[in-house]
Every structure is written in C-alpha cells, then in structure tokens.
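Next come the chains, spelled out residue by residue.
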Amino acid sequence: MDLCDLSGKVAVVTGGNGGIGLGMARGLAEAGAAVVVAARNRDKSAEAVAELEGRGARALAVEVEVTSEASCRALVQTTLAELGRLDILVNNAGTNLRKQPQEYALAEWHRILETNLTSAFMCCQAAYPAMVKAGAGKIINIGSMMSIFGASFTAPYAATKGGMVQLTRALACAWAKDNIQVNAVLPGWIDTALTVQGRRDIPGLEERVVARTPAGRWGHPDDFAGIAVFLAGPGSDFVTGTAIPVDGGYSVQG
Ligand code: NDP
C-alpha cells in the first residue's frame, strides 16, 4: 500500500487560497486528491486553483463564509454535487486581532470565536453524513502554539485554538466508530498574511521567534504539505485525537 496515495479522494480546505491552507492543499493535490479551495476572496481562490491545476490536480474554488452555517452546508453540498464525494476536511480558515484582553469589544470576541472555532464545528457537522456514507473520513483541524501557551495579546484567539484541540478530541472519540479520524495540527510561527502585521507591530518578534525555534527559522506554508498528506492518508488510520505541533521545535525548547 502506498501510504501517501490520495488518488480518488476529495479534500475540502477552508482558507485554502493562501498561507498554511494552500501549503496543505499543494501537498494533498500532489498526493492525488482533488481539492476544493474554500474561502471568501474569489481572486485569491482562482489563483490557488490555477496553481493546483498547473500541478496536474483537479481543483475547484467554492466561495464560503465559514461563520455562516448555511454557507458551510452549501460548501459540502457543492463539493458532493461537483466532485461526488468528500473524504478529507481541513478546518484551516482563521483570523486574529491582537489587543489586551480588556480592550476587545464583545463583537470582536464573537467574530474570532465564530471564524476560528464554531466554523470548524459547523463544517464537521456538515461533512459527517458524507463521510459516514463513504465508510471513512479524515478531519484535520488547525490549532496553534496558542493551543498550548498563553500570550497577553491574544485572549480570544487562544480560547479558540485551545478549543480546537478539545473539539478534535471529542470528535475523535465520537466518530472513531464511523472510521473517521480527527486530528489537530499546531503550527509554530509561520510566514503568512496572518503574521505579517504582527512581525511589524510587535518589536523584536521576528528575532525572538528565530532565537527560540530550534530549527532556527520561521516556518513556510509548504512545511504543512507532509503532515496534511499523512493525516489525510492510510498511514494515519490508527491515529486519532492527537494535536501535532509543526513548529521547528518551538514548543519543546526549554
Ligand atoms: P492567512 O491569513 O493566509 O489564511 C487565513 C485563511 O482563512 C485565508 O485563506 C482566508 O481566506 C480564510 N478565511 C478567513 N476568514 C474566513 C471566513 N470568515 N470565511 C472563509 N474563509 C476565511 O493565514 P494563515 O495561513 O497563517 O492561517 C491559517 C490558519 O493557521 C489559521 O487558522 C491560523 O490561526 C493558523 N495559524 C497560523 C499561524 C501562523 O504563524 N501563520 C500559527 C498558528 C496557527 P479569505 O480571506 O479569502 O476568506
């Protein structure tokens, strides 16, 4: 058995039009999966689809607003209508807003919770019947170093990313009987649109990350291709409920 072969499989990657999501989408596509790039920005999604198709993959852009239950359900319905199945769901869409806890408006708290955490729950619920029907499924939830550490400037984000790990564990327990494996990936500090502003705003962040990371560098979106293929493929059939750091050693540095 080729443990990296995803031919015939269909993957949905929320936030798959850039950053870590696109890094994962590239890995899944190269392993043979058809990939649905699910995000809001049509131009970015069209570009990502063209890139994946250029690598010989089948790819499709589906516009989704992950804070809307109807939109998450429509994403799954469109995937099934266009590609016939849904085997792999990557819950990667996310956002952040850096402030001290006392400065957040309640609406900001809710927006971050809905975008990062409630969205994953809604997409999992929407995808579940198709996975049960197929007799198998793989769900990959994107956490963060904020799933395990705290920081003064990121209270709602940290709450969502801690919640993502617990959601992963609960779904893994519930759906193991359906042969659905649910795992989380915890990225370290990765060079993407989400961290560009932080690198500008937080003095010394750029250097502190490099100094603390045993690998001695920031991560790149393509560092996520391998873990996506492993957690989406037959090599991880007995792996469920885990939260795997992909961080160049950041979380184990003493
Ligand atoms: P990006 O900003 O590049 O990616 C975020 C993605 O989410 C975009 O594709 C965006 O697409 C999509 N998205 C955001 N809000 C919504 C929404 N409401 N509906 C649909 N799609 C949405 O950042 P990253 O690649 O860095 O982030 C990806 C994930 O990785 C996030 O969950 C983030 O928390 C996590 N992460 C990132 C780290 C890092 O260092 N970069 C570290 C740890 C975790 P569009 O705008 O087109 O909708």
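Just so it is clear, the structure is predicted and the values come from calculations on it, not from any experiment.

**Observations regarding unusual backbone geometry**
We note that Asn 179 has phi near 60°; this positive angle belongs to a residue other than glycine. A relative accessible area of 35% means that Asn 179 is categorised as partly exposed.

**Let's talk about the site of the ligand**
Close to the ligand lie 27 residues; Asn 17, Arg 40, Asn 41, Tyr 157 and Thr 192 are nearest. With respect to the ligand, the side chain of Arg 40 contributes an N or O atom lying 2.7 Å from an oxygen atom. Tyr 157 is positioned such that a nitrogen or oxygen atom in its side chain is 2.6 Å from an oxygen atom of the ligand. Alone, the ligand offers 870 Å² of accessible surface; in the complex the protein occludes 93% of this. Among the elements of the structure, helix 1 (19-30), helix 5 (155-175) and helix 6 (193-201) are those that each provide at least two residues to the shell around the ligand. Looking at the shell around the ligand element by element, the count peaks at three residues for helix 6. In terms of residue class, the shell around the ligand is made up of 12 nonpolar, 12 polar and three charged.

**Describing the packing of helix 4 (residues 106-134) against helix 5**
Running from N to C, helix 4 and helix 5 point in directions that differ by 15°, and their axes come no closer than 8 Å. As judged from the angle between their axes, helix 4 and helix 5 are roughly parallel. Crossing of helix 4 over helix 5 shows right-handed handedness. Contacts from Trp 109, Ile 112, Leu 113, Asn 116, Leu 117, Ala 120, Phe 121, Cys 124, Gln 125 and Tyr 128 in helix 4 reach Ala 155, Pro 156, Tyr 157, Ala 159, Thr 160, Lys 161, Gly 163, Met 164, Leu 167, Leu 171 and Trp 175 in helix 5. Residue composition of the contact of helix 4 with helix 5, grouped by class: 16 nonpolar, four polar and one charged.

**What to know about the side chain of Gln 181**
Note that Gln 181 resides in strand 6 (residues 180-187). Within the structure, the side chain of Gln 181 is placed 3.1 Å from the side chain of Asn 179, a separation counted as a polar contact. A distance of 3.4 Å separates a polar side-chain atom of Gln 181 from the backbone oxygen of Asp 237.

**Here we look at helix 1**
Taking 1.5 Å per residue as the helical rise, helix 1 with its 12 residues ought to reach 16 Å, and the 17 Å between its terminal C-alpha atoms agrees with that figure. Burial analysis of helix 1 places 10 of its 12 residues in the buried class, which makes it a mostly covered element. Burial in helix 1 covers these residues: Ile 20, Gly 21, Leu 22, Gly 23, Met 24, Ala 25, Arg 26, Gly 27, Leu 28 and Ala 29. Just past helix 1, the residue Gly 32 takes up positive phi, approximately 110°.

Cut-offs and rules
Residues numbered from 1 in each chain as written. Predicted model: local features only at pLDDT ≥ 70, side-chain atom pairs only at ≥ 80, totals over all residues. Heavy atoms only, no water. Buried < 20%, exposed > 50% of the residue type's maximum accessible area, 1.4 Å probe, protein only. Near = heavy atom within 4 Å. Polar contact = N/O pair within 3.5 Å; in protein donor to acceptor, adjacent residues only side chain to side chain. Areas by Shrake-Rupley, 256 points an atom, 1.4 Å probe, with all protein chains shown as cover. Helix = DSSP H or I, 4+ residues; strand = E, 2+ residues; numbered from the N terminus. Nonpolar A, V, L, I, M, F, W, Y, C, P; charged D, E, K, R; others polar. Axes fitted to C-alpha atoms, helices over the stretch in contact; angles between N-to-C directions. Parallel < 35°, antiparallel > 145°, perpendicular 65-115°, else oblique. Left-handed = near helix turned anticlockwise from the far one by under 90°. Contact = heavy atoms within 4.5 Å. Expected span 1.5 Å × (residues − 1).

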